[in-house]
Amino acid sequence: MTPAPSRRGVLALTAALAALPTFTATAAPRRPADAPALDADPRHRLRWQAPADEHSMIEQGLPVGNGRLGALASNDPGREVLLVTDATLWTGGLNDTLDADGQFPYGRQDFGSFTLLARLTVDIPDHDLSAVSGYRRTLDLAQGVNETSYVRSGVTYRRQIFASRPDDVIVLHFDQSGEGRYTGSITLEGTHGEEPAVSFGAALPNGLRYGAAIAAYGSGGSVTVEGTHIGFTGCRELTVVLSGGTNYTPDAAAHFRDPSLDPQQLARTKVRTAARHSANTLLRTHTADHHALFGQWDVSLGTSSAEQRSLDTWERLRARARDGVPDPELEAQYLQFGRYLMIAGSRGSLPLGLQGLWLDGNDPDWMGDYHTDINIQMNYWAADRTGLPQCFDTLTDYCVAQLPSWTDLTRRLFNDPRNRYRNSTGKNAGWTVAISTNPFGGGGWWWHPAGNAWLCNSLWEHYEFTASRTHLEKIYPLLKGACEFWEARLLTTTLPGISREVLIADSDWSPEHGPLDAKGITYAQELVWTLFGNYCAAAAELRKDAEFAATIAGLRKRLHLPQVSPTTGWLEEWMSPDNLGETTHRHLSPLVGLFPGDRIRPDGSTPADIVEGATALLTARGMESFGWANAWRGLCWARLKNADKAYQLVVNNLRPSTGGSNGTAFNLFDIYQVEQGRGIFQIDANLGTPAAMIEMLLYSRPGHLELLPALPDAWAASGSLTGAHARGGFVVDLRWRDGKPTEARIRSAGGRTTTVAYAGSSRTVTLKPGATVTLKGFDR
Amino acid sequence: MRSSSYFALPARALLVLALTAVAVPTAHAADAPAPSLAAKPYMGWSSWSMQSSKYPGLNPDGDYSYLTEANVLKQTDAMAAKLKKYGYEYVNIDAGWWMDKAWKSGFDQYGRQKPDPVRFPHGMKAVADRIHAKGLKAGIYLPAGLEKGAYGDGKTPIWNADGCTTADVVYDDLRTTNGWDSAYKLDFAKPCTSKYIDSQAQLIAGWGYDFLKLDGVGPGSGKSGDQYDNVADVAAWNRAITGTGRTVHLELSWSLDIGHAADWKKYSQGWRVDTDVECYCNTLVSWENSVDDRWDDTPAWTRHAGPGGWNDLDSLDVGNGQMDGLTKAERQSYATLWAIAKSPLYTGDDLTRLDSYGLSLLTNREVIGLNQGPNPPAHPVTPSDPQQVWAAKNPDGTYTVALFNLADAPAAVTADWATLGFTGKASVRDLWNHENLGTYKNTVTQALPAHGSRLFTVAPHGTALAFAGYEAESSANTLGGNASVADCSACSDGKKVGNLYLGGTLTFRDVVVAKAGTYQIKVSYISGDARSVDVSANGGGATRHKLPATGDWGTVSSVYVPVTLKAGANTITFDSGSGYAPDIDRIDVPKS
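Residues numbered from 1 in each chain as written. Chains lettered and ligands numbered in written order. Predicted model: local features only at pLDDT ≥ 70, side-chain atom pairs only at ≥ 80, totals over all residues.

- Looking at an unreviewed UniProt entry, one finds chain B named Alpha-galactosidase and attributed to Streptomyces canus.
- Of the comments in the UniProt record for chain B, the one headed Catalytic activity (unreviewed entry) reads "Hydrolysis of terminal, non-reducing alpha-D-galactose residues in alpha-D-galactosides, including galactose oligosaccharides, galactomannans and galactolipids."
- According to the UniProt record, the Sequence similarities (unreviewed entry) comment for chain B is "Belongs to the glycosyl hydrolase 27 family." (UniProt positions renumbered as here; feature names shortened; annotations may be inferred.)

- Looking up chain A in an unreviewed UniProt entry gives the name Ricin B lectin, with the organism given as Streptomyces canus.

**Concerning the overall build of chain A**
- When its secondary structure is counted, chain A shows 19 helices and 32 strands.
- In chain A, which comprises 780 residues, the share counted as buried stands at 59%.
- Considering only intrachain contacts with a sequence separation of at least 6, the fraction spanning at least 24 residues in chain A is 66%. (Helix = DSSP H or I, 4+ residues; strand = E, 2+ residues; numbered from the N terminus. Buried ≥ 20, exposed ≤ 12 C-beta atoms within 10 Å, placed from the backbone. Contact = placed C-beta atoms within 7 Å.)

**Concerning the overall build of chain B**
- When its secondary structure is counted, chain B shows 13 helices and 32 strands.
- Across the 592 residues that make up chain B, the buried fraction comes to 56%.
- Sequence separation of at least 24 residues holds for 73% of the intrachain contacts in chain B that already meet a minimum separation of 6.

**As for the sheet that holds strand 2 (residues 62-65) of chain A**
All names here are of chain A.
- The sheet built from seven strands is open, its strands ordered 2-3-4-5-10-14-13 with antiparallel pairing. Edge positions in the open sheet fall to strand 2 and strand 13 (222-226), since each of these has one partner strand only. Within the sheet, the average angular offset between the axes of one strand and its neighbour, ignoring direction, is 20 degrees.
- Across five bridges, strand 3 (residues 69-73) lies against strand 4 (residues 79-86) in antiparallel orientation. (Pairing = 2+ DSSP bridges. Axes fitted to C-alpha atoms, helices over the stretch in contact; angles between N-to-C directions.)

**What to know about the environment of A:Ile435**
Residues and elements named next belong to chain A.
- Mapping Ile435 onto the fold places it in strand 18 (residues 433-437).
- Along the backbone, Ile435 and His371 are 64 residues apart, and their C-alpha atoms lie at a distance of 5.7 Å.
- If sequence neighbours within four positions are ignored, Ile435 has contacts with His371, Thr372, Asp373, Trp445, Trp446, His448 and Gly451.

**Describing the UniProt feature "domain: CBM6" (unreviewed entry) in chain B**
- This chain's UniProt record puts "domain: CBM6" (unreviewed entry) on residues 468-590 of chain B.
- When the span residues 468-590 of chain B is considered, its composition is 0% helix and 58% strand, and the gap between its end C-alpha atoms is 6 Å.

**Let's talk about the sheet that holds strand 25 (residues 698-701) of chain A**
All names here are of chain A.
- One open sheet accounts for four strands, arranged 25-26-30-31; its pairing is mixed. Edge strands, defined here as strands with exactly one partner in the open sheet, are strand 25 and strand 31 (761-766). Adjacent strand axes in the sheet meet at a mean angle of 20 degrees, parallel and antiparallel pairs treated alike.
- Both strand 26 (residues 704-707) and strand 30 (residues 753-758) contribute to a ladder of three bridges, which runs parallel. Looking across to strand 30, one finds that Glu706 is bridged to Ala757.

**Comments concerning the domain arrangement of chain B**
- As assigned here, chain B comprises domain 1 (4-24 + 379-464), domain 2 (43-275) and domain 3 (467-590).
- The centre of domain 1 of chain B, based on its C-alpha atoms, is set 41 Å off from the matching centre of domain 2 of chain B. (Domains from an automatic or database assignment.)

**Description of the domain arrangement of chain A**
Residues and elements named next belong to chain A.
- Taken domain by domain, chain A holds domain 1 (7-302), domain 2 (328-696) and domain 3 (714-776).
- Taken together, the contact between domain 1 and domain 3 spans seven residues of the former and nine residues of the latter.
- Class assignment of the residues belonging to the side of domain 1 that touches domain 3 gives a composition of three nonpolar, three polar and one charged. (Nonpolar A, V, L, I, M, F, W, Y, C, P; charged D, E, K, R; others polar.)

**Thoughts on the interface of chain A and chain B**
- Across the boundary between the two partners, chain A contributes 20 residues, which contact 24 residues of chain B.
- If you list the elements that add at least two residues to the side of chain A that touches chain B, you get strand 6 (133-140) and helix 6 (313-323) of chain A.
- The dominant element in the side of chain A that touches chain B, judged by the number of residues it contributes, is helix 6 of chain A, at three residues.
- Tallied by class, residues from the side of chain A that touches chain B come to seven nonpolar, seven polar and six charged.

**So, the confidence of the model for chain B**
Residue and element names in this part refer to chain B.
- Considering every residue of chain B, the mean pLDDT works out to 93; 94% of them sit at 70 or more.
- Contacts of residues 1-22 to residues separated by more than four positions or lying in other chains number 28 contacts, the stretch itself having pLDDT below 50.
- Note that residues 27-31 has pLDDT below 50 and, in this model, seven contacts with residues that lie over four places away or in other chains. (pLDDT = per-residue confidence, 0-100.)

**Some remarks on unusual backbone geometry**
- A cis amide bond, omega 0 degrees, links A:Phe595 with the succeeding residue A:Pro596.
- Cis peptide bonds are those with omega within 30 degrees of zero, and the linkage from B:Asn289 to B:Ser290 qualifies with 5 degrees.
- Topologically, B:Ser290 is positioned in the loop between strand 9 (270-272) and helix 9 (293-297).
- For B:Trp103, which is not glycine, the phi torsion reads 65 degrees and is therefore positive.
- Tracing the sequence through the fold places B:Trp103 in the loop between strand 2 (90-92) and helix 4 (123-133).
- Classification of B:Trp103 by C-beta neighbours within 10 Å gives exposed; the count is 12.

**A look at the environment of B:Asp317**
Residue and element names in this part refer to chain B.
- Within the element layout of this structure, Asp317 appears in the loop between strand 10 (310-312) and helix 10 (321-324).
- A tally of 30 C-beta atoms within 10 Å means that Asp317 is categorised as buried.
- Through-space distance from the C-alpha of Asp317 to that of Pro548 is 25 Å; in sequence the pair is 231 residues apart.

**Some words on the UniProt feature "domain: Glycosyl hydrolase family 95 N-terminal" (unreviewed entry) in chain A**
Residue and element names in this part refer to chain A.
- UniProt marks residues 46-97 and 113-249 with the feature "domain: Glycosyl hydrolase family 95 N-terminal" (unreviewed entry), using the numbering shown here.
- The distance separating the terminal C-alpha atoms of residues 46-97 is 47 Å; by composition the span is 8% helix and 38% strand.
- Note that residues 113-249 is 0% helix and 64% strand, and that its end C-alpha atoms are spaced 17 Å apart.

**What to know about the pairing of strand 30 (residues 557-565) of chain B**
- With nine of nine residues buried, strand 30 of chain B is to be regarded as a mostly interior element.
- Burial of strand 30 of chain B is two-sided: the residues B:Ser557, B:Val559, B:Val561, B:Val563 and B:Leu565 facing one way and the residues B:Ser558, B:Tyr560, B:Pro562 and B:Thr564 facing the other way are all buried.

**Describing the pairing of strand 6 of chain A**
All names here are of chain A.
- Strand 6 sits mainly inside the fold: six of its eight residues count as buried.
- Bridge count for strand 1 (residues 45-48) against strand 6 is four bridges, and the pairing is antiparallel. Note on strand 6: the bridge partner recorded for Leu46 is Leu139.
- In the sheet, strand 6 pairs with strand 7 (residues 145-152) via six bridges, with the strands oriented antiparallel.

**A closer look at the nonpolar core**
All names here are of chain A.
- One finds Val84, Ile214, Leu698 and Val732 to be the most contacted residues of the largest nonpolar core, which totals 400 residues.
- If one sorts the elements of this core by residue count, helix 13 (residues 522-542) sits on top with 11 residues.
- Not counting residues within four places of it along the chain, the set of residues in contact with Ile214 comprises Leu120, Ile186, Leu188, Val198, Ile230, Val240, Val241, Leu242 and Val271. (Core = buried A, V, L, I, M, F, W, Y, C linked by C-beta atoms within 7 Å.)

**Concerning the packing of helix 3 (residues 69-82) of chain B against helix 4 of chain B**
Residue and element names in this part refer to chain B.
- One can describe the packing of helix 3 onto helix 4 by two numbers: an axis separation of 10 Å at closest approach and a directional angle of 10 degrees. Judged on the interaxial angle alone, helix 4 and helix 3 are roughly parallel. Across the interface between the two elements, Glu69, Val72, Leu73 and Thr76 of helix 3 pack against Val127, Arg130 and Ile131 of helix 4.
- Considered class by class, the residues forming the contact of helix 3 with helix 4 number four nonpolar, one polar and two charged. (Parallel < 35°, antiparallel > 145°, perpendicular 65-115°, else oblique.)

This is how it looks when you write it as structure tokens:
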């Protein structure tokens, strides 16, 4: 430490001081001056002909969100129900104990659970669904607006629901075409035992304060607070504004609370402030904000038939599965829906957990938590690939904010004798995480030694995509601490037939599969190998810690890397030739070097037997699993340039889910079948499947781009990709026709030199930051 | 309601429509003389729903204790005041009028049911008189057979039958009968037996009753076999009623055997096609137990309904949401099915406590008009999903079209005009909401709540749809597994393909359409019980369709299923999968 802070140090200090609560007062939003209303682009409009059942909201409710504050909307004409969430409303706490068997407690009070903030109901008794005709509802992915319309006695009624980030409120706007009137009532209720009220505030047993408030205004009638709810009578138009949040603050030193923040008061201020503006002004402000992100990127996978276009979204999904006929526009919509969820669910607050920002109760399976052994990583594979690098920041900020606590827990509890994964070296340093993590610095379930490496590798990849030095500086302490952890943990061993010593990971569990205690699991070896490489590159880039980086580089050279089993022909998972688990297990942990890792490449640079062993293992794992597991398989097949299999896995995830089966629900949420007849929402497949779709169109690593590496026949006729970030710091616009690229525009976002390859031939491009080159003639 | 311009089809098209749209029941021939009884499904009230419920306060003196003179008269007054002007007419006393509050039976000196003096202190005639005084009709109830308590060691004399005693009307082995085995089976080979029925008929006619529900009748009521065959009882009742000189409507209960439909039609004016609609729980009914069964169980009976005798779906308990135990959507669907199936419309609700929505359901003149008018009963045309469409072709050329969503969540339901036999435009009137919705081209789609419905009258303005028929037995088709061609007198060209089970397949070849698209193909089939079949085109993904029972293995019925075809020649496959599929007579595919 230098006594006088360097400029960089000042910046870091400023960042630390600026650890504001996620629900916080914000400056008056910039209003787009006379911004014309965006035209609805039918490509980006999902359409349904029935509302949600309020008891099946997770499959049928439509999601809105401003990155922090979200809701599922039922869109029932007579009874609009919104299940409202704030990403930070978590029970539980630091949870810094281990059970006798070495696991962190994993209950809703100790580890904690993501929970609902409120339930908002707008009752309009005269608009019972059985009494209206021409019902439809849409979700405009480009504008971020959920719209419902129907006819009652000749009058067309319309309602729009959106979650505005600039105004930090959810808005419901009701209008109609003629002489229609709205009469009914608005009810806001908490979900933790609060009585209905126009605003409420309370604290959870863990001390986290939360609150919510509504305001309503109309025209042509009356809107009045009637005790615990708001009544409206004879309104030509009605606007309802809702805000709410918690006093969560991403600061471990403050125990993740800001005691000075009164969420109820802040929510009241926010709704009062927003209610000074017309619904139209709020809408324009919101759509400009949403579209600024959504419009950064685009894809076309081809043209659908008129008959396909005539169907609503659910009918299209059913027809796609029934007829087996590709529906390229639907498939692109599914991809864009994933981007929509990212924009709506991952800005300015906590990152997306197992269910993202959306719940239908206070008892989500696995707490709706952060699973660090695939799910949270998968949630962010699409962010850069689909032109939403800003949405990645919640993951970065989360890891940075949790790091002091993760470090402390590692120091105190990792080498605890109850932890079966403790370091047999007796040494302990740096940090790692449990399989599950919460937002209070705590872990759940088993310790997960390699979890630190996987998180760091994800954070590093974002740097590769964006070339953002600011980001690199933020994540550097995480990478360094993870390396310190592994320096203390790695064991030296000698393998039969090899004279030199190698380093292997201590006892560990290849995620959720096979023996609980295996040394040198492929999962850890691959992740740590990548971590070490990334760290050395980071240290070099930042000109930091040269001596430590040299040590890490030395360790990396000595790391054992997996072999192919002579028994199964598969890449080994446990340093054993035997299959010690389930052949079709959902996790692909031993293939983490194929994807998201980049060590195993089918381009001749990797020994052929390793590629074959990885391919054989992937083949054995099969094509039928849970949504996220199919998405991962699809990404691996894309890396192996097998377009048919990669595409089939996308198609498998698009199957309509019925009765809780794996597949896509009515509202396009991915459903994970927990048991026969019961499925739950898990957002990872909604984000992992889009990542697989992009990986089929564009492969990148620093210094190398490959166009259309696994283009399926279904999309081959024509298509385009616009604004795709590529590793190495480039942004790519790509067009293709008849299965071949016709044009590729490469813009440098900080990257300098890259090869651009297609079908075995490649050319080299060198660009200054910001410069663009257009490449053609791939079909010659 | 309908102006003459409502129906504007060219005459030629109309003819084709009538020929092709055979899946939709059409009006009965108008030249048959109107029967004197049950020319229309009867309307009224029955006491059983409230008797059978554990709803708080209904039965304070024990199970079924609701049934008293005071309560019956209270309901009579309420019906006269609120419902009579809409056609509700019968006040029906159900089981228990001769039982005390401990459900112990009382009999007169002739072994006939004797009114319980606590429930009916002024006797049964006094109640009938009071009902008649309101301009309404009175109904009463008896079980089939000689109740065990009436036997009296066999020595109880039979009224107006010299020398006959109860031992002379039953089998010597005292075999039991009816749905509860609560009675000895009557032996109609014995000359005294019909006199016992006569004595009961004289009793209720003498009291002035206009309606008798005969309950526990078999085959049916959960029983089969000779011991439970009460056809002779029903025939005797028919004769006995005639013998009284009084007009008495005879209604049979419950779950009557469809194999004896001809007997029920010959001797009675209505027959319960299903088990009790009541749930015997804290409400009067519940959706799952067993309102929703009626969508599956009614179709096989549809063709048996008509003037003189109707398919009775049991009480229509839609008048008070809280007591009924149903959502508004469920109540509307319940009333819709009863109306379009031409079921008698008798409610079991507390008529003194109808809520406004319940009153609107029970008194919708357009819906009552469908049930009571010349329209034939509707039949399912697309029944294989929870989203169903039922339809009937009306004598005036319009169609009654009901949309149902039997799923537990809201869903869109589409009626495709092709399933009615035409294409193009049609105007749609919403009967429940008394609203003209306008003109719809080719289809109408509406969002329906869970267990919800819509009821429309559709007036076609389009053109008749031409179909091309393909016989299942055609040598051009391919049969797989055990599937085989069989004779079938009811089938077109006298043959069908059967034995579609455990992997049996039938593939139609060279099904030609001009344009690619999804077509509603009409499937004519035979299926004694409800069975499923997987239907696919051109080797693509199959969709499983559950087809309603046709009631026996000699009756052809038809439904529509959607199939996606390409332009030119297609194959369409019916695959039993791992189960048992219906026999297939033919398919008809729209040419455009």
